[in-house]
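Residue strings, one per chain:
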Amino acid sequence: MLETEELLQYLTPEGELTYDIGGLLDDKRVLDLYKIMVKTRVIDQKMLSYQRQGRIGFYAPCTG
């Protein structure tokens, strides 16, 4: 029988933290993670555009 994993949720749909992460991440780490998130979104948009133009055959977007 397969076990299902419980969803780990840090933010509510309104963007509020679900619990206090108190010192879990420092400011530098948060900024680094944000930069990675922005780069991923930009690359995702470009690749999806290339796929729709027929410049690449297949692309599964990361957004969601």
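The paragraphs below set out a description of the structure included in this document. (Residues numbered from 1 in each chain as written. Predicted model: local features only at pLDDT ≥ 70, side-chain atom pairs only at ≥ 80, totals over all residues. Heavy atoms only, no water.)

### Comments concerning the layout of surface pockets
(1) Moving on: Volume-wise, the largest pocket comes out at about 150 Å³.
(2) Moving on: Along the walls of the largest pocket sit Leu-11, Leu-25, Val-30, Leu-33, Tyr-34 and Met-37, which together make up its complete lining.
(3) Moving on: Counted by class, the lining of the largest pocket contains six nonpolar, no polar and no charged residues. (1 Å grid on protein atoms, 1.4 Å probe; cavity = no way out; pocket = protein on both sides within 12 Å on 5 of 7 lines; lining within 4 Å. Points joined across faces, edges and corners; volume = space filled by probe spheres on them. Nonpolar A, V, L, I, M, F, W, Y, C, P; charged D, E, K, R; others polar.)

### Considering a nonpolar patch on the surface
(1) Moving on: A grouping of Tyr-10, Leu-11, Leu-17, Tyr-19, Leu-24, Leu-25, Val-30, Leu-33 and Ile-36 is seen on the molecular surface, where their side chains present a nonpolar patch of about 830 Å² in accessible area.
(2) Moving on: When you line up the elements, Leu-11 lands in the segment before α1 (27-53). (Patch = residues over 30% accessible without salt bridge, like charges linked within 9 Å, V, L, I, M, F, W, Y side chains within 5 Å. Areas by Shrake-Rupley, 256 points an atom, 1.4 Å probe, with all protein chains shown as cover. Salt bridge = Lys/Arg side-chain N within 4 Å of Asp/Glu carboxyl O. Helix = DSSP H or I, 4+ residues; strand = E, 2+ residues; numbered from the N terminus.)

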